[in-house]
Amino acid sequence: MSHAVDVIRAKRDGRRLSDAQVDWVVDAYTRGLVADEQMAALAMAIYLNGMDDAETARWTRAMVRSGTTLSLDVGRPTVDKHSTGGVGDKITLPLAPLVAACGAAVPQLSGRGLGHTGGTLDKLESVPGWRARLSEDEVTAQLRDVGAVVCAATEGLAPADRKLYALRDVTGTVESVPLIASSIMSKKIAEGARALVLDVKVGSGAFMKTEERARELARALVSIGVDHGLEVSALLTDMSVPLGRAVGNAVEVAESVDVLRGGGPADVVELTVALAAEMLSRAGITADPAAVLASGEAYETWARMIRAQGGDPEAPLPEGAHRHVVEAAEDGVLTGLDAYAVGVAAWRLGAGRARKEDPVQAGAGVLCLAKPGDEVRRGQPLLELRTDTPDAVAGALEALEGAYGIGGSAPARPPLVIDTIRG
């Protein structure tokens, strides 16, 4: 394994890795020829010294080549979306059927939640009968017939990323922009869509807390996409306040269905339509997503998508057996509602997990009954906590201490869509 030591030393000393070094180390690690402790050392060296655009693109390409790629010849332009994760971020649920209803094929290979950010698969598994695991043939058939699929990634896609992510998670190297960007893009490129729109969150509830870091990640993602021949854009979007009013699993599905039926919170509708418009533009489709959403066609596509994966779109959704209401202590205006704190509260109530193998409660979560800028009265419900484990409420309330305030007026918030970066 002397070759591995040479690669580690090169990056430790701030040198650029050659294409041959990148190809070798990713392949060797995937096949077990490079030990975890050696890859951990290399990941830390990358975290500390970074990689340039060309290195990052090559690293991504090597991870794509570590497994199979899907061939999505389904008779429609293919376009995907990826979010870097946030609190109440259920946008995939209304977005995929909306874009499909506009004529595209949307292959959403999604993940599960970890920590304070929710997972799309966890949310959809609250729908009775719905299944996340599909074969490649099932994915292709559903894209052809329905136009949208949301499912777990198949085992053969970018196995190097799956192995490396688990290692980064326990070695303090998750926050490296080149490693984040290559992790996201290797899976998306292997998935086979020809166009991609990225929703890069910024704020307390996001992975990237500052706009500067979010822009750095967005530019890295777009650069990799361009290098691989994708039509790619990244939207910087605000995650200082929870998105919508529902944070959890079944509660977010219910809110998404409201949006698909022509209602729902204004911010969820706004972001769904903005991302849909960008996806359709990148896919070369001329359609008005707001009009299609209002027509009911997107809801019909949602119902077909859920049924195709064994789910019942009309079945009642699970609800937490125990509820606790947080009330306003005084009259005034809600001045803020910290997204991270609400996400942690939902997690502690059972909506999220601390480890990948932990179960989640379908009915657990938080309903935000007031949002910043709303006038409230003393005794008015602000938050509703739902859980099947009443003992979890105390920990959730602890997470919410200082998460909101009531005053004379609320400070101005940034726009929901802060900027768009196109390749």
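Whatever comes next refers back to the structure up there.
Below is a summary of the structure that appears in this document. (Residues numbered from 1 in each chain as written. Predicted model: local features only at pLDDT ≥ 70, side-chain atom pairs only at ≥ 80, totals over all residues. Heavy atoms only, no water.)

Moving on, we get to the overall build of the protein chain. Counting its secondary structure elements, the protein chain contains 16 helices and 13 strands. Whereas a compact globule of 423 residues would reach a radius of gyration of roughly 22 Å, the protein chain reaches 21 Å, a difference of no more than 12%. Expressed as lengths along the three principal axes of its C-alpha atoms, the size of the protein chain is roughly 65 × 45 × 35 Å. When each of the 423 residues of the protein chain is scored for burial, the buried share is 56%. A sequence separation of at least 24 residues applies to 78% of the contacts in the protein chain between residues at least 6 apart. Just so you have it, the protein chain exposes about 16,500 Å², and 49% of that area is on carbon and sulfur atoms. Distance between charge centres in the protein chain, computed from 44 positive and 57 negative side chains, equals 4 Å. (Helix = DSSP H or I, 4+ residues; strand = E, 2+ residues; numbered from the N terminus. Rg over C-alpha atoms; globule rule 2.2 N^0.38 Å. Buried < 20%, exposed > 50% of the residue type's maximum accessible area, 1.4 Å probe, protein only. Contact = heavy atoms within 4.5 Å. Areas by Shrake-Rupley, 256 points an atom, 1.4 Å probe, with all protein chains shown as cover. Lys, Arg positive; Asp, Glu negative; His and termini not counted. Charge placed at Lys NZ, Arg CZ, Asp CG, Glu CD.)

We now examine the side chain of Thr78. With respect to the secondary-structure elements, Thr78 resides in the loop between helix H4 (53-65) and strand S1 (79-83). If near-sequence neighbours (up to four positions away) are discounted, Thr78 is found in contact with Leu72, Ala105, Gly192, Ala193, Arg194 and Ala195.

You can see Glu138 is positioned in helix H7 (residues 136-145). With a relative accessible area of 31%, Glu138 lands in the partly exposed category. Residues in contact with Glu138, not counting those within four places in the same chain, are Arg131 and Arg133. At a separation of 2.8 Å, a polar atom in the side chain of Glu138 contacts the side chain of Arg131. Within the local environment of Glu138, its side chain forms a polar contact with the backbone nitrogen of Ser135, the two atoms lying 2.8 Å apart. (Polar contact = N/O pair within 3.5 Å; in protein donor to acceptor, adjacent residues only side chain to side chain.)

So, on to the packing of helix H11 (residues 250-260) against helix H14 (residues 297-308). Between H11 and H14, whose axes approach to 8 Å, the crossing angle comes to 140 degrees. When the interaxial angle is binned, H11 and H14 end up oblique. Along its contact with H11, which presents Val253, Val257 and Leu260, the element H14 presents Ala298, Tyr299 and Trp302. Looking at the contact of H11 with H14 residue by residue, the class counts come to six nonpolar, no polar and no charged. (Axes fitted to C-alpha atoms, helices over the stretch in contact; angles between N-to-C directions. Parallel < 35°, antiparallel > 145°, perpendicular 65-115°, else oblique. Nonpolar A, V, L, I, M, F, W, Y, C, P; charged D, E, K, R; others polar.)

Our focus in this paragraph is the pairing of strand S11 (residues 381-387). For S11, the tally of buried residues reaches six of seven residues, placing the bulk of the element in the interior. In this sheet, S11 lies alongside strand S9 (residues 365-368) in antiparallel orientation, the contact comprising four bridges. The partner of Leu367 across the bridge, within S11, is Glu384. (Pairing = 2+ DSSP bridges.)

Further remarks concern H4. With 13 residues, H4 extends 18 Å between its outermost C-alpha atoms, agreeing within 8% with the 18 Å of an ideal straight helix rising 1.5 Å per residue. Listed as buried for H4 are Glu55, Thr56, Ala57, Trp59, Thr60, Ala62, Met63 and Val64. For H4, the N-terminal capping position is held by Asp52, with its side-chain oxygen 3.1 Å away from the main-chain nitrogen of Ala54. (Expected span 1.5 Å × (residues − 1).)

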